[in-house]
Structures are given as C-alpha cells and as structure tokens.
Amino acid sequence: MGNTVFDSLIFDLDGTLWDSTTACADAWNTALKKIEIEREPLTPEDIGKMMGLPIAKIFEKFFPQMSEERRTQASKECFKEQLETIRQKGAILYPGVQKGLFQLSERYELFIVSNCQQPYLDTFFHHSGLKPLFRDTECHGNTLCPKGENIKRVVERNSLQKPVYIGDTAGDHESAIVAGVPYFHVNYGFGVTSKPCMKFENFSELVRHLLEPWQLS
C-alpha cells in the first residue's frame, strides 16, 4: 500500500484535523449549569473519550438515568453553547494540518465525513478558513446514517475510484471497512485501532507519505 496512488482523501474531523475538547468541556459545563443539571464538571478527557460518537449517543453515555426528553434538552443546550464558544475562542488545529491540507489539495481531492452536526462542521470551516480546500462533506447530522454509509455516499456521488479514509479511532477503521475503502490511522487522536493499517505519528508524516509518489527520487 505504501506506493499506492489514491485519487482522493476523506478525513474524519475531531481527533484527526482538530481538537475541540477543551472548548466543548467549557461550553457543556456552562450549559448544564444553565439548565440546572448537576454532575461533576466534564473535562477535556471526558469529551475526548466520546469523540466520534453521534451526539445522542454521547448523552446516553453521560446521562444513562436521565429521561430521553431531558437528555434531548441537555444536548441541544450544550450544542448551542459549544458552537458559540468555538466561534468566539476557536479550537486547536493539530500541528501541520493547515499547511499539510494546502499541500495535499494540490494533488488530491479532499473530503470530510464526520459524525458531527452540520453547524459544527460549518464552525470548523469558519474558524479554520479551510472550506475552499474541500470538494464535498457529509455528516451524521444531515443523514442520520452511520459513518460507513456516509463515506459510501461521498464516494458514490463524487465518483471516487481510489479513496482512502483517514481517522483516529477504531470506529473510523470499522466505518472504512463498511464503506469498502482503505484506512489510514493517525496516532495523535482520541483512539486506537487493533486492525492492520498504515499508522502515522503526526499530520506532517501523513502528508509526506501521501506526497511521496510525486517526489523525485
């Protein structure tokens, strides 16, 4: 696979391109206090453990004894506060991501498939300024479909012949398998995968590998 030339790169968002866990923890704690839900303050580590799950699943895990109606209220309030916090304070692009995506966009078509909501994806683009680099995106909030199905949608509607999905969790790897596409794993994110695949310690290493087929020996 090392010499394979792909025609497109499909990226996960959280844990792959940026880290919003600190902003999310601050926002969710503020929101929960507003609607008088008492619990130990959430930490960035708490949020990181849940990254990659749809928001409804996250709140099921955080509040298993809470009624579905109350969880829905809490998730809406937290999501609203989260978007405002990220718009104001931003989140952290991983080292090498901004420069690397510009470099990759010269050789590949770029895409994002995430389990987030569309306004969250829009906030990522607003904060990063990277939207012009991406040909298409899909997210769970738009389709309510599992990530594997959303990867398939992007592949099919863009007629991609040799895509690779790039993520940071075992769930991302499983989704790539469901979609029938190769998978690259970044080790700096929120999870691990036990299945065989190409793994990268940082984004710059990933970029070097992907640009290698065009470099003169």
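Read on for a plain summary of the structure. (Residues numbered from 1 in each chain as written. Predicted model: local features only at pLDDT ≥ 70, side-chain atom pairs only at ≥ 80, totals over all residues. Heavy atoms only, no water.)

## Some points on the pattern of salt bridges
Tallied over the entire structure, the rule returns eight salt bridges. With its nearest N and O atoms 2.6 Å apart, the salt bridge here joins Glu109 to Arg135. You can see Glu109 sitting in strand 4 (residues 109-114) and its partner Arg135 sitting in strand 5 (residues 134-139), a full 26 residues away along the chain. Assessed through its relative accessible area of 32%, Glu109 is described here as partly exposed. A relative accessible area of 46% places Arg135 in the partly exposed class. (Salt bridge = Lys/Arg side-chain N within 4 Å of Asp/Glu carboxyl O. Helix = DSSP H or I, 4+ residues; strand = E, 2+ residues; numbered from the N terminus. Buried < 20%, exposed > 50% of the residue type's maximum accessible area, 1.4 Å probe, protein only.)

## Quick word on the pairing of strand 7 (residues 183-186)
Side chains Tyr183 and His185 of strand 7 all project onto a buried face; the interleaved residues Phe184 and Val186 project onto the opposite face, where all are buried too. Sheet topology note: the strand 6 (residues 163-167)/strand 7 ladder contains three bridges and is parallel. Bridge pairing links Tyr165 to Tyr183 in strand 7. On the question of chirality, the crossover connecting strand 6 to the parallel strand 7 by way of helix 9 (residues 170-179) is right-handed. Where strand 7 lies against strand 8 (residues 198-200), three bridges are found, and the strand directions are parallel. Bridged to Val186 within strand 8 is Phe200. (Pairing = 2+ DSSP bridges. Right-handed = clockwise from strand over helix to strand, strands pointing away.)

## A few points about the packing of helix 1 (residues 21-34) against helix 4 (residues 68-89)
Between helix 1 and helix 4, the shortest axis-to-axis distance is 8 Å and the interhelical angle comes to 135°. Regarding the angle of helix 1 to helix 4, the classification is oblique. Read as a crossing pair, helix 1 and helix 4 show a hand that is right-handed. Residues Ala23, Cys24, Ala27, Trp28, Thr30, Ala31, Leu32 and Lys34 of helix 1 lie in contact with helix 4, whose contacting residues are Ala74, Glu77, Cys78, Glu81, Gln82, Thr85 and Ile86. (Axes fitted to C-alpha atoms, helices over the stretch in contact; angles between N-to-C directions. Parallel < 35°, antiparallel > 145°, perpendicular 65-115°, else oblique. Left-handed = near helix turned anticlockwise from the far one by under 90°. Contact = heavy atoms within 4.5 Å.)

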